[in-house]
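# What the coordinates show
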Amino acid sequence: MKFVELAANLDRMEATSSRNELVRILSDVYRASSEDELGPITYLIQGRLAPFFEPVEIGLGPGLLLAAISTAYAAKKEDVVKLNKQTGDLGITAQRLAPASKRKSPTVVEAHARLYEIAKAGGAGSQQKKLDGFTSLLADLDATSAKHLVRITLGKMRLGIGDPTVLDALSFAKKGDRSLRPVLEAAYNRTSDLGLIARTLWERGETGLDALKVRAGHPLRPQLAERLPNPEAVIKKLGTVGVQPKYDGLRVQIHKDGDQVKLFSRNLESWTDAFPELVAAASKLKAKSVILDGEAIAYNPESEEYVPFQETTARRRKEGIQEFAEQVPLRAFVFDVMFRDGTDLTQLPYERRFAIAQELLQKSDTLVTAPLTKTDSAEELTRELLDNISRGLEGVVAKRLDSPYQAGARNFNWVKLKRNTSGQLNDTIDVVLLGYYRGKGKRAEFGAGALLAGVYDSDKDEFVTISKLGTGLSDQGWRDIHRRLTSLEVLEKPARVNSLFVPDAWLKPEIVAEVLADEITPSPRHTAGMSADRSGFALRFPRIVSLRTADKKPEDATSVREIREMFDQQRRR
Ligand code: ATP
């Protein structure tokens, strides 16, 4: 497939506001692809060159792209800058200056390989190498291809194709319906690599997908916890449980494969460079290969206190990592092990896995197992919960001792219990900002008066609205958020957003906000959970608690299914 054909399809996908249509176009693209094109196409349509967990970045910012556009199309730099001010979109700027068509277009595989080479350029003179490589690639492209190449390079695809859309499109391409989705999803949960899954399906069919196993170096999608209203409900539903403190740090997956250690965040970004002390501790483990799951939290050795979440996340900045590692070192409370010395442990009962983790970590001060208490009594579980809260922790996680590690699942293998502020929901909700209203009076001065917020429907790969948010931020908070919102503004409602409201400005779904509300109520105006015979859900008295940019992608926001369960639970309380 030529890059120009892919670009034409990206244009078609951009133009549609129907998700079914998006799936159809993408499945046509897959049907027309050969095996070696599946990987590159899968990564490129998501604005990537490799799976999300591989830190492969092209490394060309807007300034260098302007220079490349000017050289490739022999336009004066000032003119390119001026045009770009008018269009406000570097992709469109490149499109306007590139020739409408080219006799020869590189193939998708070639374009991907050339971008990969640009990404890999390092060391002295690498910036010039990157710039030259990109300029020569641009010069080979027609207008539509140039637009998409620039957007891919900036990681700013307008489409926002989520993982479920890719999985549906692969299923449609092979079967003409969604029937392969469960097998595809299971393989995806174990490997987190959509390109690998596409290739495997084409080369080795469904059995090939089943044979894709957990392996060190490739993150699994994390197992997540369900909610129940109180300790009694937990014991009633789960019986005997293992109870652990719920630490308010950062979820971290630790992989050791021979001499190499890699760390991944909750949403599977590579965090290896940010936490050298965890890397050092993991490389000392007595195992050839291992995958651990845990919560990393900064610890102040002088005051012997754990540092709040916000400060732990500050470590993700590039500067001062080494100083931080010395002054406020991290500790990881390990609560699971999924792989050891070539063996997949995910199917073992939790109690066995935990024992293996304990044995592995005996000698480490940095990687320590989270304490586990076994109980079948609601009173004891309540005591544990209160005790952990009084020690400044978030609450507890109760786990079924006989449960496997189910990658990517949120189910009753794990149940989280948090502080219960009476009368309110006992958990916050993570919403995605979908649009905003400019506001009146004082609010108008800040640029934004209220935010339109939604949750995620993973079956449909769609964001549906649940609330308008107007409280929780300080004056400065509103100004700051407005600045971030403007960079995400889009002219039309994105295809993946399903809303009856029309805000003053639509946003590309990206920012996740943590919101506290009193209650979930039925609503005829919000699309969360709405169907032909059912009204939607809304939040009563919502207020913003924090912006969760560190560890959550929009698809990691609270799901419609969770909202429905929280609604049912509050009625039972
Ligand atoms: P939250 O906002 O409550 O952290 P979440 O969506 O990030 O929710 P949940 O599945 O709801 O994730 O809660 C589990 C999270 O709690 C894990 O992702 C992990 O980061 C954290 N955690 C802290 N301590 C533990 C523990 N002992 N066992 C499992 N998870 C723990």
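The rules behind these values
Residues numbered from 1 in each chain as written. Predicted model: local features only at pLDDT ≥ 70, side-chain atom pairs only at ≥ 80, totals over all residues. Heavy atoms only, no water. Helix = DSSP H or I, 4+ residues; strand = E, 2+ residues; numbered from the N terminus. Rg over C-alpha atoms; globule rule 2.2 N^0.38 Å. Buried < 20%, exposed > 50% of the residue type's maximum accessible area, 1.4 Å probe, protein only. Contact = heavy atoms within 4.5 Å. Areas by Shrake-Rupley, 256 points an atom, 1.4 Å probe, with all protein chains shown as cover. Lys, Arg positive; Asp, Glu negative; His and termini not counted. Charge placed at Lys NZ, Arg CZ, Asp CG, Glu CD. Near = heavy atom within 4 Å. Polar contact = N/O pair within 3.5 Å; in protein donor to acceptor, adjacent residues only side chain to side chain. Core = buried A, V, L, I, M, F, W, Y, C linked by side-chain atoms within 4.5 Å. Salt bridge = Lys/Arg side-chain N within 4 Å of Asp/Glu carboxyl O. Domains from an automatic or database assignment. Buried area = accessible area lost by both parts, 1.4 Å probe. Axes fitted to C-alpha atoms, helices over the stretch in contact; angles between N-to-C directions. Parallel < 35°, antiparallel > 145°, perpendicular 65-115°, else oblique. Left-handed = near helix turned anticlockwise from the far one by under 90°. Nonpolar A, V, L, I, M, F, W, Y, C, P; charged D, E, K, R; others polar. Phe/Tyr/Trp six-rings, centres within 6.5 Å; stacked < 30°, edge-to-face > 60°. Lys NZ or Arg CZ within 6 Å of the ring centre and 35° of its normal. Expected span 1.5 Å × (residues − 1). Arc of directions from axis to C-beta.

## Things to note about the overall build of the protein
For the protein, the helix and strand inventory stands at 21 helices and 22 strands. Taken over C-alpha atoms, the radius of gyration comes to 25 Å for the protein, in line with the 25 Å a tight globule of 573 residues would show. The dimensions of the protein, computed from C-alpha atoms along their principal axes, are 75 × 60 × 55 Å. Residues counted as buried form 57% of the 573 residues belonging to the protein. Across the protein, contacts joining residues at least 24 apart in sequence account for 71% of those joining residues at least 6 apart. Total accessible area on the protein is roughly 24,900 Å²; 48% of this is exposed by carbon and sulfur atoms. Between the averaged position of the 85 positive side-chain charges in the protein and that of its 79 negative side-chain charges there is a distance of 3 Å.

## Structural notes on the site of the ligand
Around the ligand there are 18 residues in total, and Ala225, Arg251, Glu295, Lys416 and Lys418 lie nearest to it. Arg251 places a side-chain nitrogen or oxygen 2.8 Å from an oxygen atom of the ligand. Within the contact set of the ligand, an oxygen atom lies 3.1 Å away from a side-chain nitrogen or oxygen of Arg410. Burial of the ligand by the surrounding chains reaches 95%, relative to a free accessible area of 590 Å². At the level of elements, strand S1 (224-227), strand S2 (241-246), strand S11 (395-400) and strand S12 (410-418) are the ones that each hand at least two residues to the shell around the ligand.

## Some thoughts on unusual backbone geometry
Leaving glycine aside, a negative phi is the common case for residues, and trans is the common case for peptide bonds. Look at Leu268: it is not a glycine, yet its phi comes out positive at around 70°. Along the chain, Leu268 turns up in the loop between strand S4 (260-264) and helix H14 (276-283). By relative accessible area, which is 6% here, Leu268 ends up buried. Within the chain, Asp461 stands out as a residue other than glycine whose phi angle is a positive 50°. Along the chain, Asp461 falls in the loop between strand S14 (450-457) and strand S15 (462-469). Judged by relative accessible area, which is 0%, Asp461 ranks as buried.

## Points about the nonpolar core
Buried together is how nonpolar side chains tend to be arranged in soluble globular proteins. By size, the foremost hydrophobic cluster in this structure holds 68 residues, and its most contacted members are Leu6, Tyr30, Leu115, Phe134 and Leu138. When near neighbours in sequence (up to four residues on either side) are disregarded, Tyr30 contacts Leu38, Ile41, Thr42, Ile45, Val166, Ala169, Leu170, Ala173 and Trp202.

## Considerations on the pattern of salt bridges
Across all of its chains, the model carries 36 salt bridges by this definition. For Arg19, the salt bridge goes to Asp168, with nearest N and O atoms at 3.0 Å. Here the residue Arg19 occupies a position in helix H2 (residues 19-31), and Asp168 occupies one in helix H10 (residues 163-175), the gap between them amounting to 149 residues. Between Asp293 and Arg251 there is a salt bridge, and its shortest N-O distance comes to 2.6 Å. Residue Asp293 is found in strand S5 (residues 289-300), and its partner Arg251 is found in strand S3 (residues 250-257); the two are separated by 42 residues along the sequence. Note on Asp293: relative accessible area 1%, which makes it buried. Linked through salt bridges whose partners overlap, the residues forming this network are Asp11, Glu14, Asp89, Lys147 and Arg151.

## Some remarks on the domain arrangement of the protein
The domain architecture assigned to the protein consists of domain 1 (3-154), domain 2 (224-418) and domain 3 (429-572). Here the C-alpha centroids of domain 1 and domain 3 sit 31 Å apart. Facing the four residues of domain 1 at the interface are five residues of domain 3. Taken together, the two surfaces of domain 1 and domain 3 that pack against each other cover about 450 Å², and 59% of this comes from carbon and sulfur. Ranking the residues of domain 1 by area buried against domain 3 places Ser17, Arg19 and Phe52 at the top, with a combined share of 80%.

## Structural notes on the packing of helix H13 (residues 231-238) against helix H18 (residues 378-390)
Interhelical geometry of H13 versus H18 gives an angle of 130° and a closest axis separation of 8 Å. Overall, the two elements H13 and H18 adopt an arrangement that is oblique. Note that H13 runs across H18; the crossing there is right-handed. Here H13 contributes Pro231, Glu232, Val234 and Ile235 to the contact with H18, which in turn contributes Ala378, Leu381, Thr382 and Leu385. A breakdown of the residues in the contact of H13 with H18 according to their chemical character gives six nonpolar, one polar and one charged.

## A few points about the packing of aromatic side chains
Tallied over the entire structure, the rule returns nine aromatic pairs. Geometrically, the ring pair formed by Phe335 and Trp414 is edge-to-face, given 5.6 Å between the ring centres and 90° between the ring planes. Taken as a pair, Phe335 in strand S7 (residues 330-340) and Trp414 in strand S12 lie far apart in primary sequence, 79 residues in all. The class for Trp414 is buried, based on a relative accessible area of 4%. By way of ring pairs, the aromatic residues Phe335, Tyr405 and Trp414 are connected into one cluster. Sitting above the plane of the Trp414 ring, Lys399 keeps its charged end 4.1 Å from the centroid.

## Focus on the side chain of Thr165
As for its position among the elements, Thr165 is in helix H10. A relative accessible area of 0% places Thr165 in the buried class. Once you skip the residues sitting within four places of it in the chain, Thr165 turns out to touch Arg19, Leu22, Val23, Leu26 and Asp461.

## Concerning helix H1 (residues 3-15)
With 13 residues, H1 should reach 18 Å at 1.5 Å per residue; the first-to-last C-alpha distance of 18 Å fits that figure. Taken together, the buried positions of H1 are occupied by Phe3, Leu6, Ala7, Asn9, Leu10 and Met13. Taken end-on, H1 shows its buried residues confined to a sector of 165°, consistent with a single buried face.

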